[in-house]
Amino acid sequence: MASRKLARAKAHGPYHHGDLRRALVAAAIAALSEEGAAGMTLRSLARRAGVSHAAPYAHFRDKAALLAAVAAAGFEQLTKAMREAGGPIPASASRAQHRLVAIGGAYVRFGVEHASLYRLMFGAPDIVDASVKEELHQRAAEALAELRDTLSAIGLDVQSTATGIGHAAPPLSEPTLTAWSAVHGLTLLLIDRRAGPSALSPTTGERLGRTVAKDVLKGLRSYPRGNR
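Residues numbered from 1 in each chain as written. Predicted model: local features only at pLDDT ≥ 70, side-chain atom pairs only at ≥ 80, totals over all residues. Heavy atoms only, no water.

**Quick notes on the overall build of the protein**
Stated formally: Secondary structure elements are defined from DSSP: runs of H or I of at least 4 residues count as helices, runs of E of at least 2 residues count as strands, and each element is numbered from the N terminus. Relative accessible area decides the class of each residue, using a 1.4 Å probe on protein chains only: under 20% of the type maximum gives buried, over 50% gives exposed, and in between gives partly exposed. Contact between two residues is taken to exist if any of their heavy atoms lie within 4.5 Å; hydrogens are not considered. Method for areas: the Shrake-Rupley scheme with a 1.4 Å probe, in which residue coverage is limited to the protein chains shown.
Looking only at helices and strands, the protein has nine helices and zero strands in total. Along the chain direction, N to C, the helices and strands of the protein fall in the order α-α-α-α-α-α-α-α-α. Relative to its full complement of 228 residues, the protein shows a buried share of 39%. Considering only residue pairs separated by 6 or more positions, the protein has 71% of its internal contacts joining residues 24 or more positions apart. For the protein, the exposed area adds up to about 12100 Å²; of that, 52% sits on carbon and sulfur atoms.

Take a look at the structure:
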């Protein structure tokens, strides 16, 4: 079915659209908060983007591939948010500690502010399209690198000693896993309203994220130091 729709889409010739793939991903991100991933269809997203129903198949073989691309875009946005909050990786350990607190706050703020997207980022469906899968893994790795490289700048040994998480995830060092677990766990607790009956503001999420990051720093003092 998808192959027939793809052939039909190509037969229509070039789209009068600046960047259809990007437009479809943007439409999907907007739709996530309104109807959720379950209620989203390629047909409805085509309407949002103002193109024919067959047009999305020129870029995505199915809905799963599109959702994976959306998740990849989410990780890209998360990386940008952490970089804007923390600035470049500093040379001094003391400044790197301040960066860890800043990106910890930005991480949780992003998750609270974009709850539906955040859930999708860590629950994207299995996909067959190798190029989309590679994009998703690359964007996720870039986001995690912001945390890992900051820990390295602090002076911690971030060489991998763990076995990894999931069949596609790279192995993680204990300091990286500890810090990531803290901000990721807090984010999920907040967006699932496990910390209280009402939704919290992104600003409150950022404040709590910074607090948790400070506590993580205290705990990480017992971990082996790197070669810095």
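Here the narrative resumes.
**Thoughts on helix 3 (residues 42-49)**
Every buried residue belonging to helix 3 is among L42, S44, L45, A46 and A49, and all of these are buried. Among the structural elements, helix 2 (20-35) and helix 4 (63-86) are those in contact with the buried residues of helix 3. Where helix 3 terminates, the next one or two residues include G50, which has phi positive at roughly 75 degrees.

**Observations concerning the packing of aromatic side chains**
Keep this limit in mind: Between rings of Phe, Tyr and Trp, where Trp is taken as its six-membered ring, a pair exists when centres lie within 6.5 Å; planes separated by under 30 degrees are stacked, by over 60 edge-to-face, and by other angles tilted.
Throughout the structure, instances matching the rule amount to four aromatic pairs. Between the aromatic rings of F75 and F122, the centroid separation amounts to 5.3 Å while the plane-to-plane angle is 75 degrees, which identifies the pairing as edge-to-face. Here F75, found in helix 4, pairs with F122, found in the loop between helix 6 (115-121) and helix 7 (130-154); they are 47 residues apart in sequence, far enough to count as distant. Centre to centre, the rings of F122 and W180 are 6.2 Å apart; their planes meet at 45 degrees, and the pair counts as tilted. With F122 in the loop between helix 6 and helix 7 and W180 in helix 8 (residues 174-191), this residue pair connects regions lying 58 residues apart in the sequence. Here the aromatic residues F75, Y107, Y118, F122 and W180 are joined through ring pairs into a cluster of three or more.

**Some words on the pattern of salt bridges**
Keep this limit in mind: Only one rule defines a salt bridge in this text: a Lys or Arg side-chain nitrogen within 4 Å of an Asp or Glu carboxyl oxygen.
Under the criterion given, the structure shown has 11 salt bridges. Close ionic contact of R99 with E146 constitutes a salt bridge, the shortest N to O distance being 2.6 Å. Taken together, the residues span a long stretch of sequence, with R99 in helix 5 (residues 93-113) and E146 in helix 7 at a distance of 47 residues. The same class applies to R99 and to E146, which are both buried.

**Re the side chain of T150**
Convention followed: For the purposes of these results, a polar contact is taken to be a pair of N or O atoms within 3.5 Å, where, inside protein, one atom must be able to donate a hydrogen and its partner to accept one; residues adjacent in sequence count only when each atom of the pair is a side-chain atom.
Along the chain, T150 turns up in helix 7. There is a polar contact of 2.6 Å between the side chain of T150 and the backbone oxygen of E146.

**Examining a positive patch on the surface**
For clarity, the threshold we go by: Each patch groups residues whose relative accessible area exceeds 30% and which form no salt bridge, using 9 Å between like charges and 5 Å between nonpolar side chains of Val, Leu, Ile, Met, Phe, Trp and Tyr. Under the convention used here, Asp and Glu are negative, Lys and Arg are positive, and both His and the chain ends fall outside the count. By convention, the point assigned to a charge is CZ for Arg, NZ for Lys, CD for Glu and CG for Asp.
There is a patch of like positive charges on the surface, built from R210, K214, K218 and R221. Take K214: it is sitting in helix 9 (residues 202-220).

**Section: the packing of helix 8 against helix 9**
Selection rule: Note on definitions: angles span 0 to 180 degrees between N-to-C directions of axes, and those axes are lines fitted to C-alpha atoms, for helices only across the stretch in contact. Each angle is binned into one of four classes, with values under 35 degrees roughly parallel, values over 145 roughly antiparallel, values of 65 to 115 roughly perpendicular, and all other values oblique. Left-handed describes a crossing whose near helix is turned anticlockwise from the far helix by less than a right angle; the clockwise case is right-handed.
Close contact between helix 8 and helix 9 brings their axes to 10 Å; oriented N to C, the two are set at 155 degrees. Here helix 8 is positioned roughly antiparallel relative to helix 9, judged by the angle of their axes. As for the relative orientation of helix 8 and helix 9, their crossing is right-handed in sense. Contacts between helix 8 and helix 9 involve P175, T178, A179, A182, L186 and L190 on the former and, on the latter, G205, L208, G209, V212, V216 and L220.

**Comments concerning unusual backbone geometry**
In this structure, R193 takes a positive phi of about 60 degrees despite not being glycine. With respect to the secondary-structure elements, R193 resides in the loop between helix 8 and helix 9. Judged by relative accessible area, R193 falls into the partly exposed class, the value being 46%.

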